[in-house]
Amino acid sequence: MNDRPEETPVSEPAAAPAPEDVLIIVPVRNMVLFPGVVLPVAIGRERSIAGAQEALRARRKVGFLLQLESETENPGPEELHKVGTMASIVRYVTGQDGTHHLICQGEQRFTVLDYVSTDPFLVARVETHEDPVTVPPEIEARSVALRERAIEAVELLPQAPAELANAIRGIEAAGALADVVASFMDVKPAEKQELLATFDLKQRLDRVLELLGQRIEVLRLSRDIDTKTREALEERQKEAILRERLRQIRKELGEDEEGPAELAELEESVAKAGMPQEVEEHARRELARLKRMPEAAGEYSMARTYLDWLVAMPWSKLDTEHLDIERARKVLDEDHYGLEKVKKRILEFLAVRKLNPEGRSPILCFVGPPGVGKTSLGQSIARALGLKFQRVSLGGVHDEAEIRGHRRTYIGSLPGNVVQAIRKAGTRNPVLMLDEVDKLSASIQGDPSSALLEVLDPEQNNTFRDNYLGVPFDLSKVLFIGTANVLDAIPVPLRDRMEIIHLTGYTEEEKLEIAKRYLVTRQLAANGLKPGQAQLADEVLRRIIADYTREAGVRSLERQVGAVLRNIAVTIAAGEAASVTVSPEDLTRILGAPRFENEVALRTSVPGVATGLAWTPVGGDILFVESSRVPGSGKLILTGQLGEVMKESAQAAVTLVKAQAESLGLDPALLEKSDLHVHVPAGAIPKDGPSAGVAIFTSLASLLTNRTVANDVAMTGEISLRGLVLPVGGIKEKTVAAARAGIRTVILPARNRRDFEEIPESVRNALEFVWVEKVEEALARALKETPARRAAA
Ligand SMILES: Nc1ncnc2c1ncn2[C@@H]1O[C@H](COP(=O)(O)OP(=O)(O)O)[C@@H](O)[C@H]1O
Ligand SMILES: [Mg+2]
């Protein structure tokens, strides 16, 4: 060693540390080597080459450290990261162009303690780190997830070697897996460095998972874009090539532009399409026109597309309708729990249709909040009748042409969505669901509802004229069904044409039954599980309903059930269990913290907050009215984007509070020196109407008397300036929502007693009903006896 020109600092350690405590450091600019990974490292700088050669000669390991700034030419200790990877040099390659490469095997993380030498190369004393060998289940779980996602990512990579996925499958240790994935991930060196420096295994796994998630997202997007452009290109190229070939063949055959094969085919299709005579003649004229056009003309492809549409329409295809009432009843019961009244009405409708097939049957329209089964009832009806089902979504349609089609004057014009749905159905008598008729809106492009009226009008719809088709199409055999969230929002002429069937929200018990009988079974199948493999007890379903959903229907319930079953599917697929029984305690782990738990209790824990009940297009909800007092001059401040009527209602409440100051035991002087602030927090609830009067009044009284509102009480009712409680609408929806939110007592206007009958049995049993005529009675029931401790009066 002494005959070497350079001194090897390694060979003369002061305190004789163990060999691997002292490392030759090779600074790198743009890459991070991880333990467990073999990578080529290009080196070019004098000091790096000297260091690497010495390491090779002395069979020592080297330590790679990323530079803080990649531009630094000869980084000193201060210009390097402190955490790096110790590696052994597997091979040293000197290229023909004079470049030097090290093939390195990353081995262990290390942290630099101090530098013992900087010349002729850097040498540092280091402390190495090892990942724990046994890990707790939370880390194991992450590592399972990471392995899956990593394989998913590899499969998305356009040119990934198949070995990569296998290699990932083969890595057992969580830390090693995180390192390998981090190494292959296409992220900035700084980000990799951060991962390298994260010694905590859980943190590291979480971060890698997060980064990988983002990469997968990007990979997916770019793959989708790729396929789309490629498909579009290939399609166009193919067509051009085929056309050219066709032209050549025709030339060979001595046929010129006359009578090409594809047109002959089209002619045959026209003959076979079963068109009414008038339409067929029109189609033949179009065909003749097409034959005269040069193929290259833009017009040609437009005319061609048009003829395709004409040919594709089911002019005379009719499915046979099976009208067996018993069978229909069975189908409806198979697909839907409860809804007895609705099913009865549907069966009546079908019975009438059976008795009088030629008569005009009314158009049914299901009205109710999202997720209560409107769409799926339509599908059931189609299934019961043995007819095709198609859905036309009218949400946001504000252009007449979307219903009636665009004229064929420009490229890309198409028939309206009714004709499109008929073509998709492939028959002239499908069940056609006009979804969300309440979401239509008129605009300068015309009123779509008038077009829809024509579609539905039995006097006219046997000759419905779509602007694009330009010829009449018979819609009279279509079975139309409408749906809407809000009755009032349906344009009146349209509403008059339809027979409205209301679907209100489900109670907790009904949801439980629906979940047990339908949603779980469906989601089991959707997630590839067999019935025995997952058990969700009633208690678990109840918790999901109460703590993780807040809706009138069962849509998010179905989603949450799906999420739980997916989680189970992973456990079973990983071979960790043959079947899983979910306990209520597992839910937090799987679905996260409860979302709607105890919101009422939390909010009403301070004076000034009252729980009101609101009617909403989606079936009722609770809302909070929050009052506070600030020094001022007796003004009223209203926030929360309240409508005019609600503002008036708040004003009335303040007046009423002032009038009753004495009986409430308030100091009138205090009221004069304060501004009152009433806020109704944002939410999806339309905040207008007078029905929050009692709640606003109660919230103010609660604030000023410093008595909190009982956290299991909710209220609705309009107030008069003399303190009377006036009746309001939506009692059924409101009480259902109250029960859903865990309220025990509802305070309602005495004059709404007549609505009691409408309230579902289970809700009636779950709630205590307090019928009040005057606001005092409401306060007596709502406010707690003893004042709250002075905190935020
Ligand atoms: N009474 C019920 N019985 C069984 N499943 C139901 C019931 N009501 C709703 N569902 C299911 O809930 C989901 C949402 O229903 P959907 O028909 O889309 O609601 P809507 O059209 O009213 O918004 C569907 O999967 C549906 O089958
Ligand atoms: Mg729907």
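The rules behind the values
- Residues numbered from 1 in each chain as written.
- Chains lettered and ligands numbered in written order.
- Predicted model: local features only at pLDDT ≥ 70, side-chain atom pairs only at ≥ 80, totals over all residues.
- Heavy atoms only, no water.
- Helix = DSSP H or I, 4+ residues; strand = E, 2+ residues; numbered from the N terminus.
- Expected span 1.5 Å × (residues − 1).
- Buried < 20%, exposed > 50% of the residue type's maximum accessible area, 1.4 Å probe, protein only.
- Near = heavy atom within 4 Å.
- Polar contact = N/O pair within 3.5 Å; in protein donor to acceptor, adjacent residues only side chain to side chain.
- Areas by Shrake-Rupley, 256 points an atom, 1.4 Å probe, with all protein chains shown as cover.
- Nonpolar A, V, L, I, M, F, W, Y, C, P; charged D, E, K, R; others polar.
- Core = buried A, V, L, I, M, F, W, Y, C linked by side-chain atoms within 4.5 Å.
- Salt bridge = Lys/Arg side-chain N within 4 Å of Asp/Glu carboxyl O.

S.K.: Any chance you could explain helix α1 (residues 46–57) here in plain terms?
M.R.: Three or four residues apart is the spacing at which side chains of an α-helix point the same way, because the helix has 3.6 residues per turn. Over its 12 residues, α1 extends 16 Å from the first C-alpha to the last, a length consistent with the 16 Å expected when each residue adds 1.5 Å. The set of residues buried in α1 consists of Ser-48, Ile-49, Ala-50, Gly-51, Ala-52, Glu-54 and Ala-55. Taken from the residues just after α1, Arg-59 is the one with a positive phi, measuring 50 degrees.

S.K.: Help me understand the site of ligand 1 in this model?
M.R.: Surrounding ligand 1, one finds 19 residues, the nearest of these being Tyr-337, Gly-371, Lys-374, Thr-375 and Arg-555. Measuring from an oxygen atom of ligand 1, one finds a backbone N or O atom of Gly-371 at 2.7 Å. One of the backbone nitrogen or oxygen atoms of Gly-373 is found 3.1 Å away from an oxygen atom of ligand 1. Across the complex, the protein chains shield 90% of the 570 Å² of accessible surface that ligand 1 would expose by itself. Breaking the shell around ligand 1 down by element, the ones donating at least two residues are α12 (374–385), α17 (508–526) and α19 (555–573). Looking at the shell around ligand 1 residue by residue, the class counts come to 9 nonpolar, 5 polar and 5 charged.

S.K.: Please explain the nonpolar core as it appears in this structure.
M.R.: Across soluble globular proteins, nonpolar side chains show a tendency to be buried alongside one another. Phe-366, Leu-536, Ile-544, Val-564 and Ile-568 are the most contacted members of the largest nonpolar core, which totals 55 residues. With 50 residues, the next largest nonpolar core counts Ala-303, Val-418, Ile-422 and Leu-475 among its residues.

S.K.: Even after reading the chapter, I still don't get the pattern of salt bridges, so can you show me in this structure?
M.R.: The full count for this structure, using the stated rule, is 44 salt bridges. Of the charged contacts, one joins Arg-204 and Asp-179 as a salt bridge, the two residues approaching to 3.2 Å between their closest N and O atoms. With Arg-204 in helix α6 (residues 201–253) and Asp-179 in helix α4 (residues 174–184), this pair connects stretches of sequence that are 25 residues apart. Judged by its relative accessible area of 2%, Asp-179 is buried. Across the pair Arg-345 and Glu-348 runs a salt bridge, and its minimum N-O distance is 3.5 Å.

Any functional reading would require information that these geometric values do not contain.
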